[in-house]
Amino acid sequence: MQLRPILRGLKSYLPISATPKSTGGTISARYCYAVWLRHQVLLAESGLDPHPHTVAELGPGDSLGSGLAALLSGVQRYIALDVVHFATPERNLAIFDELVALFQARAPIPDAQEFPQVYPRLSSYDFPSHILSEAHLARALAPQRIQKLRADLAALHAPSPHSAISYICPWTDASVIQPASADFIFSQAVLEHVDDIHLTYNACHQWLTPAGVMSHQIDFKSHGITDVWNGHWGYPDWLWRIARGRKPYFLNREPLSGHIAAIRQARFQILRVLPVTRQGGLGRKQLAARFRTLTDDDLITSSAHILARKLSD
Ligand SMILES: C[S@@+](CC[C@H](N)C(=O)[O-])C[C@H]1O[C@@H](n2cnc3c(N)ncnc32)[C@H](O)[C@@H]1O
């Protein structure tokens with residue numbers, strides 16, 4: 001166990017902000033384009049409708065770019081839910097303009113060479129014209145539509161009732177979204193941070209329309225908090241609470257099987273799991289007592305993409 005995470009947790013009690021300044025990824029339009037198109041391509045690949053009407057995203061981070069990419073690909077309404085207000089109007093507008101240019105150029109999806117840390121991986125990074133046909137894009141990228149979306153984005157602080165975009169932050173309970181109003185929910189590198197995965201998956205169930213689908217890329221690694229990729233599983237709960245300190249979110253340390261169990265408990269059918277494995281790091285004996293019983297699969301799973309469909313009550 002390293003002392004550094006504990007010291008950082010204690011530092012968060014000093015009278016300085018414990019909130020991170022940024023989250024990293026969605027500061028770049030190309031990253032947002034890469035993320036949204038991955039989720040959309042995997043929907044189509046799984047035989048599901050890749051053109052949902054209303055999309056909700058958990059934890060957009062530094063900008064609403066991934067959801068803006070969803071809107072530019074033809075989605076009608078986008079709802080972003082976060083616990084920290086990272087996205088600024090200036091950045092959102094700049095990323096929106098860059099995304100318009102990427103779609104207009106039918107740019108290929110940025111691949112693993114450009115974004116080695118971004119999962120899920122795809123079998124092809126060509127522009128997905130099998131999903132986004134010319135006829136479809138003519139409607140989705142019509143100048144009046146782009147103008148309206150940009151105006152909605154600029155007015156996000158005081159949205160009109162007809163706005164295509166909502167940014168709800170912070171959200172604490174499921175009542176922030178109308179029940180059965182989203183066809184698709186996605187997240188990228190977020191569900192390892194949520195404090196209560198059961199509350200979150202139950203909320204997703206409540207928000208989704210019947211047979212609605214959710215797509216989550218989850219990163220089980222220690223996010224650099226420790227030197228080894230699975231070092232966070234070496235801390236007992238009481239020490240991990242100190243390491244969290246006053247930070248608005250941290251790592252819930254739930255392994256893949258914990259997410260799968262919680263998703264099933266929240267009444268979803270798991271459609272597909274794409275795990276990524278990694279060797280090295282702490283061995284079973286070096287883990288805190290509660291993690292020593294991790295399954296052999298959990299022990300080497302560093303991230304996973306999970307696609308699940310809402311089951312009716
Ligand atoms: C690592 S960042 C990922 C940001 C973005 N999705 C990306 O791909 O770069 C994690 C994000 O999850 C958000 N987050 C943490 N707990 C959350 C929760 N319970 N609900 C929604 N978002 C949450 C954080 O505020 C942050 O924006």
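Anything mentioned here points back to the structure above.
I will try to describe carefully the structure that is included in this document. What you see is a predicted model, and the numbers here were worked out from it, not measured in a lab. (Residues numbered from 1 in each chain as written. Predicted model: local features only at pLDDT ≥ 70, side-chain atom pairs only at ≥ 80, totals over all residues. Heavy atoms only, no water.)

### Observations regarding the site of the ligand
And step 1. Around the ligand sit 19 residues in total, of which Tyr 31, Gly 59, Asp 82, Trp 171 and Gln 188 are the nearest.
And step 2. A distance of 3.4 Å separates an oxygen atom of the ligand from a polar backbone atom of Gly 61.
And step 3. Asp 82 has a polar side-chain atom sitting 2.5 Å from an oxygen atom of the ligand.
And step 4. Here the ligand has 600 Å² of accessible area as a free molecule, and 93% of this is covered by the chains.
And step 5. By residue class, the composition of the shell around the ligand is 11 nonpolar, 7 polar and 1 charged. (Near = heavy atom within 4 Å. Polar contact = N/O pair within 3.5 Å; in protein donor to acceptor, adjacent residues only side chain to side chain. Areas by Shrake-Rupley, 256 points an atom, 1.4 Å probe, with all protein chains shown as cover. Nonpolar A, V, L, I, M, F, W, Y, C, P; charged D, E, K, R; others polar.)

### Observations concerning the side chain of Ser 63
And step 1. Looking at the secondary structure, you find Ser 63 in the loop between strand E1 (54-58) and helix H3 (65-72).
And step 2. Assessed through its relative accessible area of 1%, Ser 63 is described here as buried.
And step 3. A distance of 2.9 Å separates a polar atom in the side chain of Ser 63 from the backbone nitrogen of Gly 65.
And step 4. The contacts of Ser 63, once residues within four sequence positions are left out, are Thr 26, Cys 32, Ala 87, Arg 91, Asn 92 and Ile 95. (Helix = DSSP H or I, 4+ residues; strand = E, 2+ residues; numbered from the N terminus. Buried < 20%, exposed > 50% of the residue type's maximum accessible area, 1.4 Å probe, protein only. Contact = heavy atoms within 4.5 Å.)

### Section: a nonpolar patch on the surface
And step 1. Taken together, the side chains of Leu 3, Leu 7, Leu 10 and Tyr 13 present a nonpolar region at the surface, about 440 Å² in accessible area.
And step 2. By the element assignment, Leu 10 lies in helix H1 (residues 4-11).
And step 3. Judged by its relative accessible area of 46%, Leu 10 is partly exposed. (Patch = residues over 30% accessible without salt bridge, like charges linked within 9 Å, V, L, I, M, F, W, Y side chains within 5 Å. Salt bridge = Lys/Arg side-chain N within 4 Å of Asp/Glu carboxyl O.)

### Examining the packing of helix H7 (residues 197-207) against helix H9 (residues 256-265)
And step 1. The geometry of H7 relative to H9 is characterised by a closest axis approach of 9 Å and an angle of 45° between their N-to-C directions. By the criterion of interaxial angle, the relationship of H7 to H9 is oblique. The hand of the H7/H9 crossing is right-handed. Between H7, through Ile 197, His 198 and Tyr 201, and H9, the contact on the second element is made entirely by Gly 258, His 259, Ala 262, Ile 263 and Gln 265.
And step 2. Looking at the contact of H7 with H9 residue by residue, the class counts come to 4 nonpolar, 4 polar and no charged. (Axes fitted to C-alpha atoms, helices over the stretch in contact; angles between N-to-C directions. Parallel < 35°, antiparallel > 145°, perpendicular 65-115°, else oblique. Left-handed = near helix turned anticlockwise from the far one by under 90°.)

### Description of H9
And step 1. Buried residues of H9: Leu 256, Gly 258, His 259, Ile 260, Ala 262 and Ile 263, and no others.
And step 2. Contacts made by the buried residues of H9 are with H7, strand E5 (208-219), strand E6 (268-277), helix H10 (296-300) and strand E7 (301-310).
And step 3. Arg 267 lies just past H9 and shows a positive phi near 70°.

### Overview of the packing of H3 against helix H6 (residues 143-154)
And step 1. Where H3 meets H6, the axes come as close as 11 Å, and the angle between the chain directions of the two elements is 155°. By the angle between their directions, the pair H3 and H6 is classed as roughly antiparallel. The crossing of H3 and H6 is right-handed. Along its contact with H3, which presents Leu 68, Leu 71 and Leu 72, the element H6 presents Arg 145, Ile 146, Leu 149 and Leu 153.

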